[in-house]
Amino acid sequence: MSNSAPTPANPKTYRVKSFGCQMNVYDGDRMAELLAEQGITPAPEGEDADLVVLNTCHIREKAAEKVYSDIGRLRREDGSSPLIAVAGCVAQAEGEEIMARAPAVKMVVGPQAYHRLPDMVKAASQGQRMTDTDMPAETKFDALPKRRRSGPTAFLTVQEGCDKFCTYCVVPYTRGAEISRPHADLIEEAKRLVEAGAREITLLGQNVNAWTGENAKGQSVGLDGLIRELAEIPDLARIRYTTSHPNDMTPGLIEAHGDVAKLMPFLHLPVQSGSDRVLKAMNRAHQVEKYLSILEEVRKARPDIALSGDFIVGFPGETDAEFEETLKLVDTVGYAQCFSFKYSPRPGTPAATMGDQVPMPVMDERLRRLQTALNRDQYAFNTASVGKTCEVLVERRGKHPGQWLGKSPWLQSVHFTGDVAVGDVVTVELVEAGPNSIAGALKVPASA
Ligand code: SAM
Ligand code: SF4
């Protein structure tokens, strides 16, 4: 790839493209806020931006190749390119190679260093190229601007990194060691988001339920303590959290599902496999029985809870019989919705060099069978919701005139018509289930 044309000095407009998980969406929003503080504005829809941030994901498949093709697509007809920054986990893992292979890229910035993006943009405007993949001791959060904008739903990263080292996963290498953001900072950020219009906050972390902190009274608290305090914010209507690890599902957090009304009845608790042997090889440190007993406790605390999870099929050495155990687990739980993936070898992880890698056609067939079962259960969950009356947070307009889209407490997409506004929490009867959404009928506006 070559890029002989000059790059734009002093960019006026930006575009941030985030791939992958919700934490990347959060990081992408924060980078946008940093650029806005520099007087750089979002590029209008359909127009080229002077500065493009590709906020990448490295969790599966040909992540790096995707980045190179995105860089290629940014090239304009006259051969010039915008100022390009590659951020996120691919930047962390393959930053030097990206710099060597893609001259159009002027900045490579890792997930723990993006608070330095404004300085990098200034230097890049003057023709410099630079890489910052430090994992500095100070947290980037202290250097980020205060939150001033929010839609009706907002993400709030409370915990980052991971010390669990599942043998397939790249996160501990790209995001670094587990850190919990301070309690006071989170309460302040949440209050600002609510002042800016957020009605629902989703607390984020690679292991969000491993969060710990110290409250204003100096007491050590876990995620349940944080949730209880956030629930005191008057205009905050809903709290969610993701993604949890089964080993960090404490009795206190389970109890909070029973008695914090603002904590929505939804739990995303990845299990990955229904086979104890595979779980051990994955270094998951929990067994199927343990996982099921946690779900039982959660259901006792909150009987209507909707359950969700992540699955990997085709982990090295997974036999047909072990895959059948995964299907059996799915049948036992009855998930409301799930994510499922083919195992993807990640460079540098222990599983990538394990023998007995499962052939692609076998993985394809296992994924097809698993997803058929998961889709069946999702549709069954939606069908069983028909006839219920529940609160829906209005998120945006739908495609059809007068139509609105929002979420039920169980994270189902609900569409309905009526006289409402974005951010309202309204009462809706769920009348017709589809595989991915539910048609509702507006009852009365519940609260504005
Ligand atoms: N911390 C969470 C947990 O322990 O379950 C998950 C975070 S991870 C970013 C999101 C999901 O990506 C995982 O739950 C797993 O299902 C999937 N994943 C991670 N590495 C993978 C790989 N190498 N191949 C396929 N899927 C993978
Ligand atoms: Fe990856 Fe495992 Fe950590 Fe989740 S717990 S982020 S899957 S290493």
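Cut-offs applied
Residues numbered from 1 in each chain as written. Chains lettered and ligands numbered in written order. Predicted model: local features only at pLDDT ≥ 70, side-chain atom pairs only at ≥ 80, totals over all residues. Heavy atoms only, no water. Near = heavy atom within 4 Å. Polar contact = N/O pair within 3.5 Å; in protein donor to acceptor, adjacent residues only side chain to side chain. Areas by Shrake-Rupley, 256 points an atom, 1.4 Å probe, with all protein chains shown as cover. Core = buried A, V, L, I, M, F, W, Y, C linked by side-chain atoms within 4.5 Å. Buried < 20%, exposed > 50% of the residue type's maximum accessible area, 1.4 Å probe, protein only. Helix = DSSP H or I, 4+ residues; strand = E, 2+ residues; numbered from the N terminus. Contact = heavy atoms within 4.5 Å. Pairing = 2+ DSSP bridges. Axes fitted to C-alpha atoms, helices over the stretch in contact; angles between N-to-C directions. Salt bridge = Lys/Arg side-chain N within 4 Å of Asp/Glu carboxyl O. Left-handed = near helix turned anticlockwise from the far one by under 90°. Nonpolar A, V, L, I, M, F, W, Y, C, P; charged D, E, K, R; others polar. Phe/Tyr/Trp six-rings, centres within 6.5 Å; stacked < 30°, edge-to-face > 60°. Parallel < 35°, antiparallel > 145°, perpendicular 65-115°, else oblique.

A.B. asks: In this structure, what is going on with the site of ligand 1? I would like to understand it.
C.D. replies: Lining the immediate environment of ligand 1, one finds 17 residues, of which Gln 206, Gln 272, Arg 284, Asp 310 and Ser 344 sit closest. Within the side chain of Arg 284, a nitrogen or oxygen atom sits 2.9 Å from an oxygen atom of ligand 1. The backbone of Ser 344 places a nitrogen or oxygen atom 2.8 Å from a nitrogen atom of ligand 1. Protein contact buries 91% of the 560 Å² of open area that ligand 1 shows by itself.

A.B. asks: When you look at the nonpolar core in this model, what are you seeing that I'm missing?
C.D. replies: Proteins that are soluble and globular tend to have nonpolar side chains buried together. Counting residues in each nonpolar core, the largest one holds 90 residues, and the members touching the most others are Leu 203, Leu 223, Tyr 241 and Tyr 335. Of the residues forming this core, the biggest block, six residues, is contributed by helix 1 (residues 22–37). Beyond its immediate stretch of four places on either side in the chain, Tyr 241 contacts Thr 202, Leu 203, Val 208, Leu 223, Ile 227, Met 249, Leu 253, His 257, Leu 263 and Leu 267. Within the second largest apolar cluster, 19 residues are counted, among which are Ala 63, Tyr 68, Val 86 and Val 108.

A.B. asks: Quick question: what am I supposed to make of the sheet that holds strand 7 (residues 153–157) here?
C.D. replies: Within a beta sheet, neighbouring strands are joined by backbone hydrogen bonds and run either parallel or antiparallel to one another. Read from one edge to the other, the open sheet built from three strands follows the order 7-10-13, with strand pairing classed as parallel. The sheet is open, and its two borders are formed by strand 7 and strand 13 (238–242), each paired with just one other strand. Sheet twist, expressed as the mean angle between neighbouring strand axes with direction ignored, is 25 degrees.

A.B. asks: Which parts of the structure should I look at to understand the pattern of salt bridges?
C.D. replies: Oppositely charged side chains may form a pair once their charged atoms are brought near each other. Inspection of every chain in the model, using the stated rule, returns 34 salt bridges. Between Glu 188 and Lys 146 there is a salt bridge, with its nearest N and O atoms 3.9 Å apart. One end of the pair, Glu 188, is in helix 6 (residues 183–195); the other, Lys 146, is in the loop between strand 6 (130–132) and strand 7, and 42 residues separate them in sequence. Judged by its relative accessible area of 35%, Glu 188 is partly exposed. Close ionic contact of Asp 377 with Arg 376 constitutes a salt bridge, the shortest N to O distance being 2.9 Å. For Arg 376, a relative accessible area of 44% corresponds to the partly exposed category.

A.B. asks: I keep staring at the side chain of Lys 140 and nothing clicks. Help me out?
C.D. replies: With respect to the helices, strands and loops of the structure, Lys 140 is situated in the loop between strand 6 and strand 7. Taking relative accessible area as the criterion, Lys 140 reaches 1% and is therefore assigned buried. Among the polar contacts listed, one links the side chain of Lys 140 to the side chain of Gln 112, at a separation of 3.2 Å. Those residues in contact with Lys 140 that lie beyond four places of it in its chain are Asp 27, Pro 111, Gln 112, Tyr 114, His 115 and Glu 160.

A.B. asks: I tried to follow the packing of helix 6 against helix 7 (residues 223–230) on my own but got confused; where do I start?
C.D. replies: Two measures define how a pair of helices packs: the angle their axes make with one another and the distance between the axes. Two elements in contact, helix 6 and helix 7, have axes separated by 11 Å at closest approach and are oriented at 35 degrees. At the point where helix 6 passes helix 7, the crossing takes the right-handed sense. Touching His 183, Leu 186, Ile 187 and Ala 190 of helix 6 are Leu 226, Glu 229 and Leu 230, all from helix 7. Of the residues in the contact of helix 6 with helix 7, the class split is five nonpolar, one polar and one charged.

A.B. asks: Looking at this structure, I do not really get the packing of aromatic side chains. What am I missing?
C.D. replies: For any two aromatic rings, the description comes down to two numbers: the centre-to-centre distance and the angle of the planes. Counted according to the given criterion, the structure contains five aromatic pairs. Measuring from ring centre to ring centre gives 6.5 Å for Tyr 26 and Phe 141, while their planes differ by 50 degrees; the resulting arrangement is tilted. Of this pair, Tyr 26 sits in helix 1 while Phe 141 sits in the loop between strand 6 and strand 7; the two residues are 115 residues apart in sequence, bridging distant segments of the chain. When sorted by exposure, Tyr 26 lands in the same class as Phe 141, which is buried. Taken together, a centroid distance of 6.4 Å and an interplanar angle of 85 degrees make the contact between Tyr 168 and Phe 315 edge-to-face. In this pair, Tyr 168 is assigned in the loop between strand 8 (159–160) and helix 5 (171–174) and Phe 315 in the loop between strand 15 (306–313) and helix 11 (320–333), connecting sequence segments 147 residues apart. Phe 315 shares its class with Tyr 168; the two are buried.

A.B. asks: Just checking my understanding: could you explain the sheet that holds strand 14 (residues 266–268) for this structure?
C.D. replies: Spatially, 14-15-16 is the arrangement adopted by the three strands of the open sheet, whose pairing is parallel. Of all the strands in the sheet, just strand 14 and strand 16 (337–342) have a single pairing partner and so form its edges. Taking the axes of each pair of neighbouring strands and ignoring which way they run, one obtains an average angle of 10 degrees across the sheet. Two elements, strand 14 and strand 15, share three bridges in a ladder whose sense is parallel. If you follow His 268 over to strand 15, its bridge partner there is Ser 308. Strands strand 15 and strand 16 of the sheet are contacted by helix 12 (residues 360–385), whose axis makes an angle of about 175 degrees with strand 16.

A.B. asks: I would appreciate a short explanation of the packing of helix 10 (residues 288–301) against helix 11 in the present structure.
C.D. replies: Closest axis-to-axis distance for the helix 10/helix 11 pair is 12 Å, and the angle between their directions is 10 degrees. Between helix 10 and helix 11, the interaxial angle falls into the category roughly parallel. Between helix 10 and helix 11 the crossing geometry is right-handed. Each of Val 288, Tyr 291, Leu 292, Leu 295 and Arg 299 in helix 10 lies in contact with helix 11, whose residues at this interface are Leu 329, Thr 332 and Val 333. Counted by class, the contact of helix 10 with helix 11 contains six nonpolar, one polar and one charged residues.

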